[in-house]
Amino acid sequence: MKRDYYDVLGVPRDAGQQEVKKAFRKLARECHPDVNPGDADCEARFKEAAEAYEVLSDADSRAAYDRYGFDGLKGRPLTDFEHVGFGDLFNVFFGSGMFDSVLRDAGGGWGAAAGGAPPPRGDDVEVALHLSLAESVFGAAREVEVVTDVACADCGGSGAAAGTGRETCPQCHGSGRMREVSSLGGFGQFVRTSTCNVCRGRGSIVREPCESCRGTGRVRATRTVTVEVPAGIADGQRLRLTGEGGAGAQGGRPGDLYVGITVEPHEHFVRDGDDLLYRLDVTMVDAALGTTAEVETLDGDLEVRLAPGTQSGTVKVFKNRGVPSLQGYGRGDLKVVVNVVVPKRLTAEQRELLDQFAAATPAEAYEADPGFLEKVRAVFRR
């Protein structure tokens, strides 16, 4: 059973972003294995804190979690913390070297703890994806072309020429760090730790670089990525595909792919949250006598029955014919707004008939009714 994210970080539900960030950094220091030698639970605690921070540091994810709890995060691409190494996670959130002073005081260092600094992470990439309204409502599988760095096929991403491999750095002997000790006379010693300038913290070097990638372990290429668009996604939202960005240098962790969603305008429908609005034009004769109109919806044809005397602005609500909730709580409604249209051009005969109708119709036949604009406003306020 997952713990509440606010309890994990030890912050109140109204905590600001700086307070959330400060709490996470404090937990990260406390949970690091070099600070807690022999504590078998420290990695699990850090991953729990990292998951909580990822959700609470993002405004959209936090709003969904606050409203619906863990169910509100369904369909949102989040990091699979259970299958990501501790060293990679720590480097993603903080970068190597941020806690060098803490780790040094604990008797270690990033290089000593993890066998050298992790290879550089790949670049994050963002692409745009245009959807029809139907695709955004029901979801879709779409392919996008992404230009990114990919692992070099000739060296397998290692950066070393075929038949060779990475070698232990002769300067730092695989630690990725260099220690410089200065005497302070009778006051002891001053120890300064820095990243090895030969291997740049990796702990290993490539003596014979791969010719295809020039030792970087990656080359530029165009890839096709399948994007599973969840039902109910809205215009302006973003999807994150973990690990689908650029390849990391020399076998490093790949970046992420961000997909920006644009929903094309529909000819008949307007989206309002999880509801769909449809304007149904009827003639004044049909509105007065009553009629049955056929509306072509995203779910198929729908018959809309209008009673005699239907007024402009009347709203007919059809439950569960709107947009599926992105959090998985049913669907919105389809709201058909009646718009009574009046002929703009009349023949002499038609005008005479209308004059006769007007003369034969008493004033009390017309009931006072809110205007069309007020009814439309009421629809949006629901």
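Everything below is about the structure printed above this text.
Attention in this report is confined to the structure presented alongside it. All of these numbers come straight from a predicted model, not from anything done at the bench.

## So, the overall build of the protein chain
Looking only at helices and strands, the protein chain features 11 helices and 15 strands. Out of the 382 residues in the protein chain, the part that is buried amounts to 37%. For the protein chain, the exposed area adds up to about 21700 Å²; of that, 49% sits on carbon and sulfur atoms.

## Observations concerning the nonpolar core
Leu129, Val227, Leu257, Val259, Ile261, Leu280 and Leu334 are the most contacted members of the largest nonpolar core, which totals 34 residues. Counting residues in each nonpolar core, the second largest holds 21 residues, with Tyr5, Val8, Phe24 and Tyr53 among its members.

## Quick word on a nonpolar patch on the surface
Taken together, the side chains of Met284, Val285, Leu289, Val342, Leu346 and Leu354 define a hydrophobic patch exposed on the protein surface, amounting to about 510 Å² of accessible area. Inspection of the secondary structure puts leucine 354 in helix H10 (residues 348-360).

## A word on helix H4 (residues 59-68)
All buried positions along H4 are accounted for by Ser61, Arg62, Ala64 and Tyr65. Seen from one end, H4 has its buried residues packed into an arc of 165 degrees, which puts them on one side. Away from its buried face, by an angle of more than 90 degrees, H4 presents the exposed residues Ala59, Asp60 and Arg67. Taken together, the buried residues of H4 touch helix H1 (5-9), helix H2 (17-31) and helix H3 (42-56). Capping the start of H4 is the job of one residue whose side-chain oxygen sits 3.2 Å from the backbone nitrogen of aspartate 60: aspartate 58. Trailing H4 by a residue or two, glycine 69 shows a phi angle of about 70 degrees, which is positive.

## Considerations on the sheet that holds strand S9 (residues 257-263)
If you walk across this open sheet you meet the 3 strands as S1-S9-S8, and the pairing is mixed. Each of the sheet's edge strands pairs with one partner strand only, and the pair in question is strand S1 (125-131) and strand S8 (238-241). Each strand of the sheet is rotated relative to its neighbour by a mean of 25 degrees, with strand direction disregarded. With 7 bridges joining them, S1 and S9 adopt parallel strand pairing. Bridging from a neighbouring strand, leucine 131 pairs with valine 263 of S9.

## Focus on the packing of H2 against H3
Two numbers describe how H2 lies on H3: the axes approach to 9 Å, and their chain directions differ by 165 degrees. For the element pair H2 / H3, the angle class is roughly antiparallel. Crossing handedness for the pair H2 and H3: left-handed. Contact residues: Gln17, Val20, Lys21, Phe24, Leu27, Ala28 and Cys31 in H2; Cys42, Arg45, Phe46, Ala49, Ala50, Tyr53 and Leu56 in H3.

## Thoughts on the packing of aromatic side chains
In total, this model carries 7 aromatic pairs according to the counting rule given. The interplanar angle of 10 degrees and the centroid separation of 4.5 Å between the aromatic rings of phenylalanine 24 and tyrosine 53 together place this pair among those described as stacked. In this pair, phenylalanine 24 sits in helix H2 while tyrosine 53 sits in helix H3, placing the two residues 29 residues apart along the sequence. Like tyrosine 53, phenylalanine 24 is buried.

## Brief notes about the pattern of salt bridges
Taken as a whole and judged by the stated rule, the model has 17 salt bridges. Residue arginine 238 is joined to glutamate 126 by a salt bridge in which the shortest nitrogen-to-oxygen separation is 3.3 Å. One end of the pair, arginine 238, is in strand S8; the other, glutamate 126, is in strand S1, with 112 residues separating them in the sequence. Two residues, glutamate 244 and arginine 223, come together in a salt bridge whose shortest N-O distance is 3.2 Å. Of the two residues, glutamate 244 is situated in the loop between S8 and S9 and arginine 223 in strand S7 (residues 218-229); the sequence distance between them amounts to 21 residues. We classify arginine 223 as partly exposed; its relative accessible area is 21%.

## Some thoughts on the environment of valine 146
Topologically, valine 146 is positioned in strand S2 (residues 140-151). A C-alpha to C-alpha distance of 8.8 Å links valine 146 and leucine 257, two positions 111 residues apart in sequence. For valine 146, the residues in contact, after removing those within four places along its chain, are Val125, Val127, Ala221, Thr222, Arg223, Val225 and Leu257.

## Here's the deal with unusual backbone geometry
Even without being a glycine, histidine 173 presents a positive backbone phi close to 60 degrees. Take histidine 173: it is sitting in the loop between strand S3 (167-168) and strand S4 (177-183). On the accessibility criterion, histidine 173 (65% relative accessible area) is exposed.

## Some words on the pairing of strand S12 (residues 291-297)
Alignment of S12 against strand S13 (residues 300-306), held across 7 bridges, turns out to be antiparallel. Each residue of the ladder has a partner; that of threonine 297, found in S13, is glycine 300. Linkage of S12 to S13, two consecutive antiparallel strands, is achieved through a turn of 2 residues.

## A word on the sheet that holds strand S14 (residues 315-318)
One open sheet holds the 4 strands; their spatial order is S10-S11-S15-S14, and the pairing between them is mixed. A single partner strand is all that each edge strand has here, and the edge strands are strand S10 (269-272) and S14. Taking each pair of neighbouring strands and ignoring which way they run, the sheet shows an average axis angle of 30 degrees.

Calculation notes
- Residues numbered from 1 in each chain as written.
- Predicted model: local features only at pLDDT ≥ 70, side-chain atom pairs only at ≥ 80, totals over all residues.
- Heavy atoms only, no water.
- Helix = DSSP H or I, 4+ residues; strand = E, 2+ residues; numbered from the N terminus.
- Buried < 20%, exposed > 50% of the residue type's maximum accessible area, 1.4 Å probe, protein only.
- Areas by Shrake-Rupley, 256 points an atom, 1.4 Å probe, with all protein chains shown as cover.
- Core = buried A, V, L, I, M, F, W, Y, C linked by side-chain atoms within 4.5 Å.
- Patch = residues over 30% accessible without salt bridge, like charges linked within 9 Å, V, L, I, M, F, W, Y side chains within 5 Å.
- Salt bridge = Lys/Arg side-chain N within 4 Å of Asp/Glu carboxyl O.
- Arc of directions from axis to C-beta.
- Contact = heavy atoms within 4.5 Å.
- Polar contact = N/O pair within 3.5 Å; in protein donor to acceptor, adjacent residues only side chain to side chain.
- Pairing = 2+ DSSP bridges.
- Axes fitted to C-alpha atoms, helices over the stretch in contact; angles between N-to-C directions.
- Parallel < 35°, antiparallel > 145°, perpendicular 65-115°, else oblique.
- Left-handed = near helix turned anticlockwise from the far one by under 90°.
- Phe/Tyr/Trp six-rings, centres within 6.5 Å; stacked < 30°, edge-to-face > 60°.

Just distances and angles here, no functional claims.
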